[in-house]
4 protein chains.
Amino acid sequence: MSSEWGKKLHISIFGESHGEGIGMVLDGLPPGEAIDFEELRRFTSRRAPGKDKTSTPRRETDKPHFLSGLLEGVTTGAPVCAILLNENTRSGDYQKMQSLARPGHADYTGFLRYKGYNDIRGGGHFSGRLTAPLVLAGGIARQLLARRGVTVGAHLLCCGAERDRPFDPVSLTERELLLAGERPFPTLSEESERRMRETIEKARLSLDSVGGIVECGALGLPAGIGDPMFGGVENVLSSLLFGIPALKGLEFGEGFGAALISGSENNDPFYMDGETVRTRTNHHGGILGGITSGMPLVLRAAFKPTPSIAREQQTVDYRAKTDALLSVQGRHDPCLAVRAVPCVEAAVSLGLLELLL
Amino acid sequence: MSSEWGKKLHISIFGESHGEGIGMVLDGLPPGEAIDFEELRRFTSRRAPGKDKTSTPRRETDKPHFLSGLLEGVTTGAPVCAILLNENTRSGDYQKMQSLARPGHADYTGFLRYKGYNDIRGGGHFSGRLTAPLVLAGGIARQLLARRGVTVGAHLLCCGAERDRPFDPVSLTERELLLAGERPFPTLSEESERRMRETIEKARLSLDSVGGIVECGALGLPAGIGDPMFGGVENVLSSLLFGIPALKGLEFGEGFGAALISGSENNDPFYMDGETVRTRTNHHGGILGGITSGMPLVLRAAFKPTPSIAREQQTVDYRAKTDALLSVQGRHDPCLAVRAVPCVEAAVSLGLLELLL
Amino acid sequence: MSSEWGKKLHISIFGESHGEGIGMVLDGLPPGEAIDFEELRRFTSRRAPGKDKTSTPRRETDKPHFLSGLLEGVTTGAPVCAILLNENTRSGDYQKMQSLARPGHADYTGFLRYKGYNDIRGGGHFSGRLTAPLVLAGGIARQLLARRGVTVGAHLLCCGAERDRPFDPVSLTERELLLAGERPFPTLSEESERRMRETIEKARLSLDSVGGIVECGALGLPAGIGDPMFGGVENVLSSLLFGIPALKGLEFGEGFGAALISGSENNDPFYMDGETVRTRTNHHGGILGGITSGMPLVLRAAFKPTPSIAREQQTVDYRAKTDALLSVQGRHDPCLAVRAVPCVEAAVSLGLLELLL
Amino acid sequence: MSSEWGKKLHISIFGESHGEGIGMVLDGLPPGEAIDFEELRRFTSRRAPGKDKTSTPRRETDKPHFLSGLLEGVTTGAPVCAILLNENTRSGDYQKMQSLARPGHADYTGFLRYKGYNDIRGGGHFSGRLTAPLVLAGGIARQLLARRGVTVGAHLLCCGAERDRPFDPVSLTERELLLAGERPFPTLSEESERRMRETIEKARLSLDSVGGIVECGALGLPAGIGDPMFGGVENVLSSLLFGIPALKGLEFGEGFGAALISGSENNDPFYMDGETVRTRTNHHGGILGGITSGMPLVLRAAFKPTPSIAREQQTVDYRAKTDALLSVQGRHDPCLAVRAVPCVEAAVSLGLLELLL
């Protein structure tokens, strides 16, 4: 199975980059939840392309059309289906690469998996465009979480060698959590934005691209959510997050850094803060044994550089089975991690809502 | 749901550290597969405690008792149930910590999740001991994979600041892949073993512990396995791997490193190697778009230091809601990442078999 | 979860009777399967309303709009989404019954389940109209089955007290199996058609309705498909079939009749028919131990009479919590079992394809 | 997948009739539920063989051994594993039928499905003996339901042509519901018992067997439980119930009878009974649109006659591919429907608990 996920909250994503339309079905939402469409538009617009030079010039209105599950803007409890029609597609760009595998892309593996029948225009079902329905579904989940006191936010922690200030995992505030989402560029600091924009522009001008790391946090999660073993918060979130194209690494709390330090450093001392159990540090990232501790949830997701670059690259023609050279034309973000920030928030929101329901 | 996983191959793990027994049910194995019990014993013994000073002195024979699914050592196609009886438990050690939360452990979160009814003796269902049935199931899966030409192996890449030589993701050999598993300590180099043993011993003597990173590879996977979006190889493996206690980070191929380099560096050029499509580098770790490329699969899993340390730590009594001090007694590995090596191999084997079936 | 089903082949159905549209996402179809749209139209038109006096006068073109998963009429392997826009809805009819529970309907139970937020216009998500996307998905599955040598067909075995000739479970032919689907009324015999039409017309004229039994068969299924216990053919099919509104009973092979006869009568003697194992009788309906035997698959599904009848009925106002009287207006089939015939074929086709993949 | 079921409450059943042992893992039980082992023993003993001439003379203590998930008889929230060791097996009886397909059994279909590797001794994983862990799990579920005010009970409604008095679906009492389970033979009336025992004894003496129908009811279910379409109460229960060997038909409420009557007869008029919405009749069997109405749940399950009969039958040797004659030796119930009564209660209890959690 490819594009469906979830037990209590179930999402099914469909569509291909240059097909008629893309969309999602979200089943299991509680009835009686009012959707704030203006807030949803704000959230999804953070992923939308074409805003400035950091992203692909492909412009799409990406206005969702809700077919079901809502009555006067309120969930009925039946599955919500929303579709986005594909406009402004320029399939011509992709004609000449019919069977040239773009390095770093799923062209070759998709060809094998689907025996050559997959729609390769614009990456087809593998396209980053498929994150639009994910962000739409996640945006709905995020509103339901907010109503339950849970706030999810993210920012671009790293872009190449440049680094934003990290979330403080102990005293993270809602304001800090939501800050990057309200800025024109998803960093916490203006200085990071300036340097990251330079990095991206430099990559773009050299017909290249750059990777990045998204840091995501959640506040307000009740302690005691999740299950041991395969039902842990990490398992649930990772099974969703790795569905975002180009995500190649994921860590919770101290993550890979925990391997370098000693137990006495990494263990977070518990203490009573009035009636509440808290920890003085938060290397555990809000999860112990797969279950929330009540401390802020913190995770980081690493994104590879956009594989579509205009430079000439060595590749193969996978039908002709010959070596070849390729310069990827078309319109591509020089740093897909920028627009991945709301994607991470969306996936985390869906996962947390599944765990909370 | 906590302790069950899988669609075509389904595993259900049960048991608590100091209960009567632990075990697993593995459903969906093809019929007619002979199990090599001696090989299985060798594999599971790599996880077994009590071998030397790098692990807990708790000794267990961990001899599995197969109740079903095998007839004269060959799978019947019906579910395989194997149990391990708990012996040599010393629950007394845990008496005094009845409601003191061990920092870095799931005592407090488990208390909340299970409303105080969970068996906390030895960590109960959260105990690292529950990896024994996982390794048993994975050991069976690993044999079925080997029969299909797929080899899975891992080693301890990092232990604190010490580092083993990494797998070469392009020209990884079966010999290299299996090397650490055949050595008394799971590194590729003897020099790394010496230095890591020193690091661990130093931690032990200072009543502390140390973390580590396990690198795992797989050779022989056919290209074209996996699905896009939520059915990708990364999604499937991560949903299992985060079930191993203390695992806090996971990366595939270049992983977090990919965020630091440019697209022109990270993209792996394709070329024809005779009739086979290969890549000259392997930053993608054998997975593109969630689907295997035919190049070696490479992933790394970060483990936090063993949270149980003998040093006095600040904590709370979560029933009395008071601050407290705690020195964890009992028998614990100073570096759980050592014994995590076969756990990672087991989880990866189960995941890959699910994808292959 | 309500409206999604399946493991290898996954279907998600969405929509409400008088909302913007209904549809389905079908994930897991193999790539490279050409869809015969004309054949699909013929199949779905068998369910479409408005053909004659046996069904509701509501007319709908029910022309599906495929958004994804097909390229030039051939499956790509990505999820297929098809939508049907709702036209010709007359919500006014339902205004006055805002909180009067129609006897035999899900108005009251839906009100409770969805806390009053469900869309009750036309039955909302509970409407028989939601079988349109089911039939569409099943029509696709049916074509893939046909390509694999499996034929699925059904007929109206009973309508009230009238009875069509039953399928011969031993020597069922493809011609007999498909016969009812090609006739204007879904019986095998013209005489049954005549008598059933009379029964239905009589019910209609007396402002009443009548129930029926659909018999469904499948030929060409390979022997050895299915699993024991919860993975049996009966389990898989029943979990789908009970999703068809108004279906209240289901039996395989001899079914309820088997309770009345002796083992020596009910056991089907095996014999060799050349190289093929067959049974002389087929009380087992082609399934033994949940697994296909190679004999024709035969099942029967009982449908209750259409609950919407124009006669005055006692009911309650479930908001006001008062007794009330109700005459259901609107347009309704006097015998929904007629149009249920292709619904049963569709559900059986989806279930068998899931089992075969 | 064969032998696992469920989403929130998950059951995995393992074992083969003449293997080392059988058992089940039940995952998802809430923590803090005390198990009444004496009550559990009473319940499982209703399924146990060897009590009198209506069942097989094979005697088994069937004392379950709980390995996990319980601490001092109270659920911990971790998976409960219980095993039953196989004793008193007489595999010799089955030696001569090594490849003779017993008519009405899964010998031949199991041979195909498992490519000849399945354990055929005593029916292996297809044996009715595998209902023992189902009844054990269901017995636990039944206690949890009782604590939530839900009572599940069943009786043998038909045995061949003999008929017990049916449950009154409108005014069913808890006393009537539990009556058959407390009697030595599972009927409501002593007269039915007498006649059914005669029927069974007659079948036994003529080396034959007889089928039966089990009627099951549930009281106390809150209204509003279940989901539309594939998540309905009927879907959930049927996907479990068809896992009971020899079950060939299933109906809810009026079931097949509804096909024969008119809508005005079948529709159940709603009325206010004080503050409670009830229906005057209960042809809907407590389920409307897949969702509970608050009226008693009533279903009937048809069981075929025991296929193992001592009479000589025609069959085939499925390895040699030749015709053959067979008289089934061994010990078999002349009417398996008698012992199926608690099996139905168990499956219904598991399904209802899944729906309630």
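Note: the structure precedes this text.
Parameters and conventions
- Residues numbered from 1 in each chain as written.
- Chains lettered and ligands numbered in written order.
- Predicted model: local features only at pLDDT ≥ 70, side-chain atom pairs only at ≥ 80, totals over all residues.
- Heavy atoms only, no water.
- Contact = heavy atoms within 4.5 Å.
- Buried area = accessible area lost by both parts, 1.4 Å probe.
- Salt bridge = Lys/Arg side-chain N within 4 Å of Asp/Glu carboxyl O.
- Polar contact = N/O pair within 3.5 Å; in protein donor to acceptor, adjacent residues only side chain to side chain.
- Helix = DSSP H or I, 4+ residues; strand = E, 2+ residues; numbered from the N terminus.
- Nonpolar A, V, L, I, M, F, W, Y, C, P; charged D, E, K, R; others polar.
- Pairing = 2+ DSSP bridges.
- Least-squares fit on C-alpha atoms with pLDDT ≥ 70 in both.
- Axes fitted to C-alpha atoms, helices over the stretch in contact; angles between N-to-C directions.
- Buried < 20%, exposed > 50% of the residue type's maximum accessible area, 1.4 Å probe, protein only.
- Phe/Tyr/Trp six-rings, centres within 6.5 Å; stacked < 30°, edge-to-face > 60°.
- Lys NZ or Arg CZ within 6 Å of the ring centre and 35° of its normal.

Take the interface of chain B and chain A next. Residue-level contacts link 95 residues of chain B with 94 residues of chain A. The largest contributions to the chain B side of the interface with chain A come from Phe230, Lys248 and Phe270 of chain B, which together make up 11% of the buried area. Summed over the shared surface of chain B and chain A, the number is 6 salt bridges. With a closest N to O distance of 2.5 Å, arginine 113 of chain B and aspartate 227 of chain A form a salt bridge. Between the two partners, chain B and chain A, sit 46 residue pairs in polar contact (both at pLDDT 80 or more). Of the residues forming the side of chain B that touches chain A, the biggest block, 6 residues, is contributed by strand E11 (residues 247-252) of chain B. A per-class count over the side of chain B that touches chain A returns 44 nonpolar, 34 polar and 17 charged. Relative to E11 of chain B, strand E11 (residues 247-252) of chain A runs antiparallel, the two sharing 3 bridges. By the bridge assignment for E11 of chain B, glycine 249 of chain A is matched with glutamate 251 of chain B.

When chain B is fitted to chain A, the residual RMSD is 0.0 Å, and the transformation amounts to a turn of 180° plus an axial shift of 0.0 Å. Taken together, the rotation angle and the small translation identify this as a two-fold axis. With an isologous cut-off of 70% or more, the 99% of interface residues of chain B that recur at the interface of chain A puts this contact in the isologous class.

Residue and element names in this part refer to chain B. Strands sit in the order E1-E2-E3-E7-E4 across an open sheet of 5 strands; the sheet is antiparallel. Each edge of the open sheet is held by one strand with a lone partner, namely strand E1 (4-5) and strand E4 (65-68). Bridge count between strand E2 (residues 10-15) and strand E3 (residues 21-27): 6 bridges; the pairing is antiparallel. From the neighbouring strand, serine 12 faces E3, where its bridge partner is valine 25.

The antiparallel open sheet is built from 10 strands, whose spatial order is E9(A)-E8(A)-E10(A)-E16(A)-E11(A)-E11(B)-E16(B)-E10(B)-E8(B)-E9(B). Each end of this open sheet is capped by a strand with a single partner; those strands are strand E9 (162-163) of chain A together with strand E9 (162-163) of chain B. The strands touched by helix H9 (residues 336-356) of chain A are strand E8 (151-159), strand E10 (212-219) and strand E16 (297-303) of chain A; relative to E8 of chain A, the strand with the most contacts, the crossing angle is about 150°.

Moving on: the environment of alanine 154 of chain C. Residues and elements named next belong to chain C. For alanine 154, the position within the fold is in strand E8 (residues 151-159). Residue alanine 154 is classed as buried on the basis of its relative accessible area, which comes to 0%. On a C-alpha basis, the gap between alanine 154 and leucine 299 in space is 9.3 Å, while along the polypeptide they are 145 residues apart. Excluding its chain neighbours within four sequence positions, the residues that come into contact with alanine 154 are Phe167, Leu177, Ala180, Val214, Glu215, Cys216, Val341 and Glu345.

As a further point, take the pattern of salt bridges. What the rule picks out here adds up to 104 salt bridges over all chains. One salt bridge connects glutamate 4 of chain A with lysine 7 of chain B, and the closest N-O pair in it is separated by 3.4 Å. You can see glutamate 4 of chain A sitting in strand E1 (residues 4-5) and its partner lysine 7 of chain B sitting in the loop between E1 and E2, one on each of two chains. A relative accessible area of 37% means that lysine 7 of chain B is categorised as partly exposed.

Scanning the entire structure with this criterion turns up 26 aromatic pairs over all chains. Ring geometry for phenylalanine 270 of chain A against tyrosine 108 of chain B: centres 5.8 Å apart, planes inclined by 70°, an arrangement best described as edge-to-face. Placement of the pair is phenylalanine 270 of chain A in strand E12 (residues 270-273) and tyrosine 108 of chain B in helix H3 (residues 107-113), with the two residues belonging to separate chains. By the burial criterion, phenylalanine 270 of chain A is buried, and tyrosine 108 of chain B matches it. The side chain of arginine 280 of chain A reaches across the aromatic face of tyrosine 271 of chain A, ending 3.9 Å from its centre.

On to the side chain of glutamate 176 of chain D, then. All names here are of chain D. Residue placement: glutamate 176 occurs in helix H5 (residues 174-182). On the basis of relative accessible area, glutamate 176 is assigned to the buried category, the value being 16%. Not counting the four nearest positions on each side in its chain, glutamate 176 is found in contact with Arg165, Phe167 and Leu188.

Residues and elements named next belong to chain D. A large share of strand E3 (residues 21-27) lies buried, amounting to 7 of its 7 residues. By the alternation rule, side chains of E3 split into Gly21, Gly23, Val25 and Asp27 and Ile22, Met24 and Leu26, which are all buried. The pairing of E3 with strand E7 (residues 80-85) spans 6 bridges and is classified as antiparallel. From the neighbouring strand, glycine 23 faces E7, where its bridge partner is isoleucine 83.

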